[in-house]
Every structure is written in C-alpha cells, then in structure tokens.
Amino acid sequence: MTLFHFFNCAILTFGPHAVYYSATPLSEYDTLGTSIKAALVYLGTALVKLVCLATFLRVSENDSFDPYQELLKALISFVDVAGLYFALTQLTHRNISQNHKFQAVGLGWAFADSVLHRLAPLWVGARGPEFTWDFILQGLEANANLVLSISLAALGSLMWLRKNKPKTLIPIIYACAGIVATMPSITSYLRRGLGWHFPKVVGFELFTSLMMAFISWQLFSTCQRPSS
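By the naming in an unreviewed UniProt entry, the chain is BOS complex subunit TMEM147, taken from Manihot esculenta. The Sequence similarities (unreviewed entry) field of the UniProt record for the chain holds the comment "Belongs to the TMEM147 family."

Okay, here's the thing in structure tokens:
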C-alpha cells in the first residue's frame, strides 16, 4: 500500500511533464534536447541561489515571517530570471519556432525543479506507513509550478526575443514576470505571515498559475499579431 501511494504521488508530480511533452507539438519537433539543456541551466542556477542564500541569509530560530529575510529571498529569486534569460537567448537550439522554444525551456525548467525539490521528500515520506495528503498536495503544487514556469518562459520570450511588441504591453509583461518570479516569497508570506495552511496555499498557487497562464497566453497572442 505504501509503495502504491508513492507511485501515485510520483505520477501526479512528474506525470504532467511527460504528458505535456507528448501531447503538444514539442514531441513532433524533437525539442527534448532543449528541455534537457534548460534543466541543466536550472541546476546551475539553483546552485548559485543556494550559495547566495547561505551567504546572505541567517538561520532563523523560529518559523515566523521576517520581512527583511523574505525581501532578500525575493531578490535572490531573480537569479531564476537570469537563468531563464541564458536558457532562452544563449543556448544553441534546433531550428524551432519561438513558440516551441519557450515551452521546451519552461518544461525542462519545471521538471528539474520538481526532481530537485520533491523527489527525495516523496521517496522518504510517501513510502511511510501512514497515508497523508501532504504528498498529493506536493504533486498538485508541482503542477502549478509547471504552469508558472512555462508562463515565466513565455514572458521572458516576449521580453528578450520579440522586438516588435506593442509598447503599451511592455509594463504589463514585466509586471507579470515579476509576480511569477517572486511567487515563492508570496507563498512564504501566506504561510508564515498570514498563517495559511498548506492546502489553502496550494489552492492559491493553482489559481494563480491558471490566471498567469491565461494572461501570458493573451500577451503572447497579442504580440504575435502583425502590427497595423
């Protein structure tokens, strides 16, 4: 039963990444190499963030919300934006369209994040003797992160790769990218500052990911239209 629970949680956590790749044109255009490169860039970015967190943040004795520490975390989280910039603009890709490129990069980015932050807790915890909803919620959180990562990659594609975008949309694009990039700090405030329980935080992440995906899709579609 415990092994069955582990496999269920693992499929919920990592399965949507494989489904997204196979169900979209990414598999037809063989963009797996791009996703793997993006995953490697994420691992390098995570290492840089880890060094920054260990250097500039102090270890808290309690789990209370510290605005100064969370502000530093939010600033350090923009290392992810630099990593996405490198993945979108500096890596060599196959001759694929901008639309497929940002999806492949976002998919590889989200998969590496799930493996790095959720595989070990699943292996250790989901195989325990007692059933708990926490690991199912972690799987749902991974799905929200997948959507947010692809949305951030889409916004980054608009910021750095598309030159002829409407000037009126530029502030909206940057504002949405800032919201997605600082989502870990926002959820930390909800948990520690407002005392939200994990299920409520995951619900917020799912709702926010769908909203950001819709906004990003609208922005991307608008920027693809020929200017009159």
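There's plenty left to go through after this.
A separate point is the packing of helix H5 (residues 98–125) against helix H6 (residues 134–160). Between H5 and H6, the shortest axis-to-axis distance is 8 Å and the interhelical angle comes to 155 degrees. As judged from the angle between their axes, H5 and H6 are roughly antiparallel. The crossing of H5 and H6 is right-handed. Every residue of H6 that contacts H5 at Gln98, Phe102, Gly106, Leu107, Trp109, Ala110, Asp113, Ser114, Arg118, Pro121, Leu122 and Gly125 is listed here: Phe135, Gln138, Glu141, Ala142, Asn145, Leu146, Ser149, Ile150, Ala153, Ala154, Ser157 and Leu158. Broken down by class, the residue content of the contact of H5 with H6 amounts to 13 nonpolar, 8 polar and 3 charged.

Glancing now at the pattern of salt bridges. The tally for this structure, following the rule as stated, stands at 3 salt bridges. As a salt-bridge pair, Lys49 and Asp80 come within 3.0 Å of each other at their nearest N and O atoms. Here the residue Lys49 occupies a position in helix H2 (residues 32–56), and Asp80 occupies one in helix H4 (residues 79–89), the gap between them amounting to 31 residues. Judged by relative accessible area, which is 14%, Asp80 ranks as buried. A salt bridge links Glu141 to Arg118, with the shortest nitrogen-to-oxygen separation between them at 3.8 Å. Here Arg118 lies in helix H5 and Glu141 lies in helix H6, a separation of 23 residues in the sequence.

This next bit is on unusual backbone geometry. With a phi close to 50 degrees, Asp30 is a non-glycine residue in the positive phi region. You can see Asp30 is positioned in the loop between helix H1 (2–23) and H2.

Per the UniProt annotation, the sites labelled "transmembrane region" (unreviewed entry) are residues 39–59, 71–92, 168–190 and 202–220. Here residues 168–190 runs as 87% helix and 0% strand, with 32 Å between its end C-alpha atoms. Along residues 202–220 one finds 100% helix and 0% strand; the C-alpha atoms at either end are 26 Å apart.

The next subject is the packing of aromatic side chains. Across all of its chains, the model carries 8 aromatic pairs by this definition. Considering the side-chain rings of Phe6 and Trp123, the 5.2 Å spacing of their centres and the 80 degrees angle between planes classify their relative orientation as edge-to-face. Taken together, the positions of Phe6 in helix H1 and Trp123 in helix H5 put the pair 117 residues apart, joining distant regions of the chain. A residue is classified by how much of its surface remains accessible, and Phe6, at 8% relative accessible area, is buried.

So, about the nonpolar core. Counting 40 residues, the largest nonpolar core has Phe102, Leu155, Ile173 and Leu219 as the members making the most contacts within it. Broken down by secondary-structure element, the contributors of at least two residues to this core are H2, H4, H5, H6, helix H7 (170–181) and helix H9 (198–224). Here the element with the most residues in this core is H6; it accounts for 10 residues. Excluding residues that lie within four positions of it along the chain, Leu155 makes contacts with Ile173, Cys176, Ala177, Val180, Ser216 and Leu219.

Thresholds, definitions, all that
- Residues numbered from 1 in each chain as written.
- Predicted model: local features only at pLDDT ≥ 70, side-chain atom pairs only at ≥ 80, totals over all residues.
- Heavy atoms only, no water.
- UniProt positions renumbered as here; feature names shortened; annotations may be inferred.
- Axes fitted to C-alpha atoms, helices over the stretch in contact; angles between N-to-C directions.
- Helix = DSSP H or I, 4+ residues; strand = E, 2+ residues; numbered from the N terminus.
- Parallel < 35°, antiparallel > 145°, perpendicular 65-115°, else oblique.
- Left-handed = near helix turned anticlockwise from the far one by under 90°.
- Contact = heavy atoms within 4.5 Å.
- Nonpolar A, V, L, I, M, F, W, Y, C, P; charged D, E, K, R; others polar.
- Salt bridge = Lys/Arg side-chain N within 4 Å of Asp/Glu carboxyl O.
- Buried < 20%, exposed > 50% of the residue type's maximum accessible area, 1.4 Å probe, protein only.
- Phe/Tyr/Trp six-rings, centres within 6.5 Å; stacked < 30°, edge-to-face > 60°.
- Core = buried A, V, L, I, M, F, W, Y, C linked by side-chain atoms within 4.5 Å.

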